[in-house]
Amino acid sequence: MTYILRDFISKEKRDFKFKVGNVLASALTGFVVGVIVALIIYLVGYFVYLV
């Protein structure tokens, strides 16, 4: 289970302007990128299905 979490949480040292927390910001970034990639894959599949 630990190795799965390492895929979504970055251990890079970063300084944030707001006190959001490193783990929360990293996880949120991974989630947003995942949604965007999934949307692109879905749209490509949708257009391929129409043709």
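Source: prediction; values computed, not measured. (Residues numbered from 1 in each chain as written. Predicted model: local features only at pLDDT ≥ 70, side-chain atom pairs only at ≥ 80, totals over all residues. Heavy atoms only, no water.)

Focus: the overall build of the chain
Keep this limit in mind: In DSSP terms, a helix is any run of H or I states spanning at least four residues, a strand is any run of E spanning at least two, and both are numbered starting from the N terminus. Partly exposed residues are those whose accessible area sits between 20% and 50% of the maximum for their type, while under 20% is buried and over 50% is exposed, using a 1.4 Å probe and protein chains only. Surface accessibility follows the Shrake-Rupley procedure with a 1.4 Å probe radius. Residue values consider only the protein chains on display as shielding.
Of the regular secondary structure elements, the chain holds two helices and zero strands. The buried share of the chain, taken over its 51 residues, is 4%. When the accessible surface of the chain is summed, it comes to about 5,100 Å², and 72% of that surface belongs to carbon and sulfur atoms.

Looking at a nonpolar patch on the surface
Short version of the rule: Patch membership needs two things, relative accessible area over 30% and no salt bridge, and members are linked within 9 Å if like-charged or within 5 Å if nonpolar (Val, Leu, Ile, Met, Phe, Trp, Tyr). The salt bridge definition used is simple: a Lys or Arg side-chain nitrogen within 4 Å of an Asp or Glu carboxyl oxygen.
On the surface, a nonpolar cluster with roughly 760 Å² of combined accessible area is contributed by Leu 28, Phe 31, Val 32, Val 35, Ile 36, Ile 40, Val 44 and Val 48. By the element assignment, Val 32 lies in helix α2 (residues 22-50).

Overview of the packing of aromatic side chains
Note the following rule: A pair of aromatic rings is counted whenever rings of Phe, Tyr or Trp (Trp by its six-membered ring) have centres within 6.5 Å, and the orientation is called stacked for planes under 30 degrees apart, edge-to-face for over 60 and tilted otherwise.
Evaluation of the coordinates by the stated rule reveals two aromatic pairs. Summarising the aromatic geometry, the rings of Tyr 42 and Tyr 46 are spaced 6.4 Å apart at their centres and angled 20° between planes, so their arrangement reads as stacked. Pair noted here: Tyr 42 and Tyr 46 are both in helix α2, with a separation of four residues, about one helical turn. The class of Tyr 42 is exposed, set by a relative accessible area of 54%. Here the aromatic rings of Tyr 46 and Phe 47 are separated by 5.7 Å at their centres, their planes lie at 65°, and the arrangement is edge-to-face. Taken together, the ring pairs connect Tyr 42, Tyr 46 and Phe 47 into an aromatic cluster.

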